[in-house]
Amino acid sequence: MTAGALATAPPALADGGPAPTAADSSYAATTGVGVHNAYEKTKYPYFADALDSGAAMLEIDVWTNVFGGGWRVSHSNPVGNDNNCENAQRPQELRTKARDQRLDGCLADMKAWHDAHPGHRPILVKVELKDGFQGRGGRGPADLDALLRAKLGDALYRPGQLAAGSANLDEAVRAKGWPARSELAGKFVVELIPGTVEQGNPADTLWTDREYATHLRDLAAAGRLGDAAAFPAVLGAAAGDPRTRYTDASIRPWFVLFDGSASTYAGGTVDTKWYADRRYLVVMTDAHGVAPAIDAVRPTEAQARDRVALLAGRHASVVSSDWYPLPGVLSTVVPRG
């Protein structure tokens, strides 16, 4: 596919579905642009503004520890909420209510915005569980599934839908791929990654990625994969098949989403075509840091577009940075590869 075969969605299309020429492309055959920590008020006054931005991916940080209630959304406060979510129950309430809500409030905003923008672009919602799951506190994998299903309903694209007719997610995407972007119009896809605190905790031996992949495997074995609401990601760019890090080989086929440093993916040590050939999704983070580095927040639009093109050529599914001031770049969709 040539670069001209897939149009770039202009800002005016950011609220709607995919650009017309992109609508029938596979979700795994395109490259979009994401915003790191889109829940921060310094980036967007309200989460509805992040949703309006046109970005292909929005990231949310979540805390689950026993020192606070519910699923808290914050960058550095582990016991409270510090975010631009407002718990809107209907579109008319967007940008009218108090912010600093829990994850359920962010999800309510997503659903209210979804109701106001039927057929919107598919949006990957990247959730970093800062300190991992807390099953004993009612914040385990099944609890997250229930929350996502309750708040997003049919706006949520689930693992069971992708795996339908296949033994696992790997078999599904390698046999039939991801749906067309037109089929995913109006959908949110939730990605889960281990958090920085979890990774630095020597007492935590069961990180989010392994715990949720095990959860998927067990749900499938029980005939209940339809309950699952999210996709675990293998975190960290690495050569070869990074799923071999999991000693339990039975969970490896439940990973079809990979997430890591754009600099490593673009540096020549990783065969990124391997991911594209198997229709796996790859989120490349800190895109600004790829040599030669550009500004992490306000590069020129030409610099950002060139960086997107470079990483699309390295088979990124999502190019992520903090380019929130550039909605024209955030709404860009180009061919992958």
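Predicted, not measured: the structure shown is a model, and the values here were computed from it.

A.B. asks: Sorry, what's going on with the nonpolar core here?
C.D. replies: For soluble globular proteins, nonpolar side chains are generally found buried alongside one another. Ranked by size, the top nonpolar core spans 96 residues in total, and within it Leu103, Trp178 and Trp323 carry the most contacts. For this core, the element with the most residues is helix α2 (residues 103-116), which contributes six residues. In this structure, Trp178 is in contact with Ser26, Tyr27, Ala28, Tyr157, Leu162, Val173, Phe231, Val256, Arg279 and Leu281, ignoring residues within four places of it in sequence.

A.B. asks: Any chance you could explain the pattern of salt bridges here in plain terms?
C.D. replies: Where charged atoms from two side chains of opposite charge come close, those side chains can pair. Summed over all chains, the structure comprises 21 salt bridges. The shortest N-O distance in the salt bridge between Asp241 and Arg243 comes to 3.0 Å. Judged by its relative accessible area of 25%, Asp241 falls in the partly exposed class. Within the structure, one salt-bridge network assembled from shared partners comprises Asp170, Arg174, Asp241 and Arg243.

A.B. asks: Could you clarify how one ought to interpret a nonpolar patch on the surface in this entry?
C.D. replies: Taken together, the side chains of Val66, Phe67 and Val79 make up a nonpolar region of the molecular surface, amounting to roughly 330 Å² of accessible area. Mapping Val79 onto the fold places it in the loop between β3 (72-73) and α2. On the basis of relative accessibility, which here comes to 43%, the residue Val79 falls in the partly exposed class.

A.B. asks: In this structure, what is going on with the packing of α2 against helix α3 (residues 141-152)? I would like to understand it.
C.D. replies: Axis angle and axis distance: for two packed helices, these are the angle between their axes and the distance between the axes, and together they describe the pair. One can describe the packing of α2 onto α3 by two numbers: an axis separation of 9 Å at closest approach and a directional angle of 30°. Helix-helix and strand crossings are classified by hand; for α2 and α3 the assignment is right-handed. On the side of α2, the interface is formed by Leu103, Asp104, Leu107, Met110 and Lys111, while α3 contributes Leu144, Leu147, Leu148, Lys151 and Leu152. Among the residues making up the contact of α2 with α3, the classes are represented as seven nonpolar, no polar and three charged.

A.B. asks: Honestly, the state of the cysteines in this entry has me stumped. Any pointers?
C.D. replies: Structurally, a disulfide amounts to a covalent bond that connects the sulfur atoms of two cysteines. On inspection of all chains with the given rule, the structure shows one disulfide. The partner cysteine of Cys85 in its disulfide is Cys106, sulfur to sulfur 2.0 Å. Negative torsions about the S-S bond denote left-handed disulfides, and the value of about 100° found for Cys85 with Cys106 makes this one right-handed. Here Cys85 is found in the loop between β3 and α2, whereas its partner Cys106 is found in helix α2, with 21 residues between them in sequence. Taking relative accessible area as the criterion, Cys85 reaches 0% and is therefore assigned buried. Taking relative accessible area as the criterion, Cys106 reaches 0% and is therefore assigned buried.

A.B. asks: Would you take a moment to explain the pairing of strand β6 (residues 231-235) for this structure?
C.D. replies: In regular strands, side chains alternate between the two faces of the sheet. In terms of burial, β6 is largely enclosed, as four of its five residues are buried. As paired strands, strand β5 (residues 188-194) and β6 are joined by two bridges and run parallel to one another. Looking at the pairing, Glu191 lines up with Phe231 of β6. Note that β6 and strand β7 (residues 257-261) share three bridges and pair parallel. Its bridge partner being in β7, Leu235 is matched across the sheet by Asp259.

A.B. asks: When you look at the environment of Arg95 in this model, what are you seeing that I'm missing?
C.D. replies: Summarising the element assignment, Arg95 is placed in the loop between β3 and α2. Placed eleven residues apart in sequence, Arg95 and Asn84 show a C-alpha to C-alpha distance of 9.4 Å. Leave out the neighbours within four places in its chain, and Arg95 touches Tyr46, Ala48, Asp49, Asp52 and Glu86. Of note is the side chain of Arg95, whose polar atom sits 3.5 Å from the backbone oxygen of Ala48. Reaching out from Arg95, the side chain makes a polar contact with the side chain of Asp49 at a distance of 2.7 Å.

A.B. asks: Just to check I follow, could you spell out the side chain of Asn65 for this structure?
C.D. replies: Here Asn65 is to be found in the loop between β2 (57-63) and β3. Within the structure, the side chain of Asn65 is placed 3.0 Å from the side chain of Asp131, a separation counted as a polar contact. For Asn65, the contacting residues outside a window of four places in its chain are Arg72, Pro78, Val79, Asp131, Gln134 and Arg139.

Calculation criteria
Residues numbered from 1 in each chain as written. Predicted model: local features only at pLDDT ≥ 70, side-chain atom pairs only at ≥ 80, totals over all residues. Heavy atoms only, no water. Core = buried A, V, L, I, M, F, W, Y, C linked by side-chain atoms within 4.5 Å. Buried < 20%, exposed > 50% of the residue type's maximum accessible area, 1.4 Å probe, protein only. Helix = DSSP H or I, 4+ residues; strand = E, 2+ residues; numbered from the N terminus. Contact = heavy atoms within 4.5 Å. Salt bridge = Lys/Arg side-chain N within 4 Å of Asp/Glu carboxyl O. Patch = residues over 30% accessible without salt bridge, like charges linked within 9 Å, V, L, I, M, F, W, Y side chains within 5 Å. Areas by Shrake-Rupley, 256 points an atom, 1.4 Å probe, with all protein chains shown as cover. Axes fitted to C-alpha atoms, helices over the stretch in contact; angles between N-to-C directions. Left-handed = near helix turned anticlockwise from the far one by under 90°. Nonpolar A, V, L, I, M, F, W, Y, C, P; charged D, E, K, R; others polar. Disulfide = S-S within 2.5 Å. Pairing = 2+ DSSP bridges. Polar contact = N/O pair within 3.5 Å; in protein donor to acceptor, adjacent residues only side chain to side chain.

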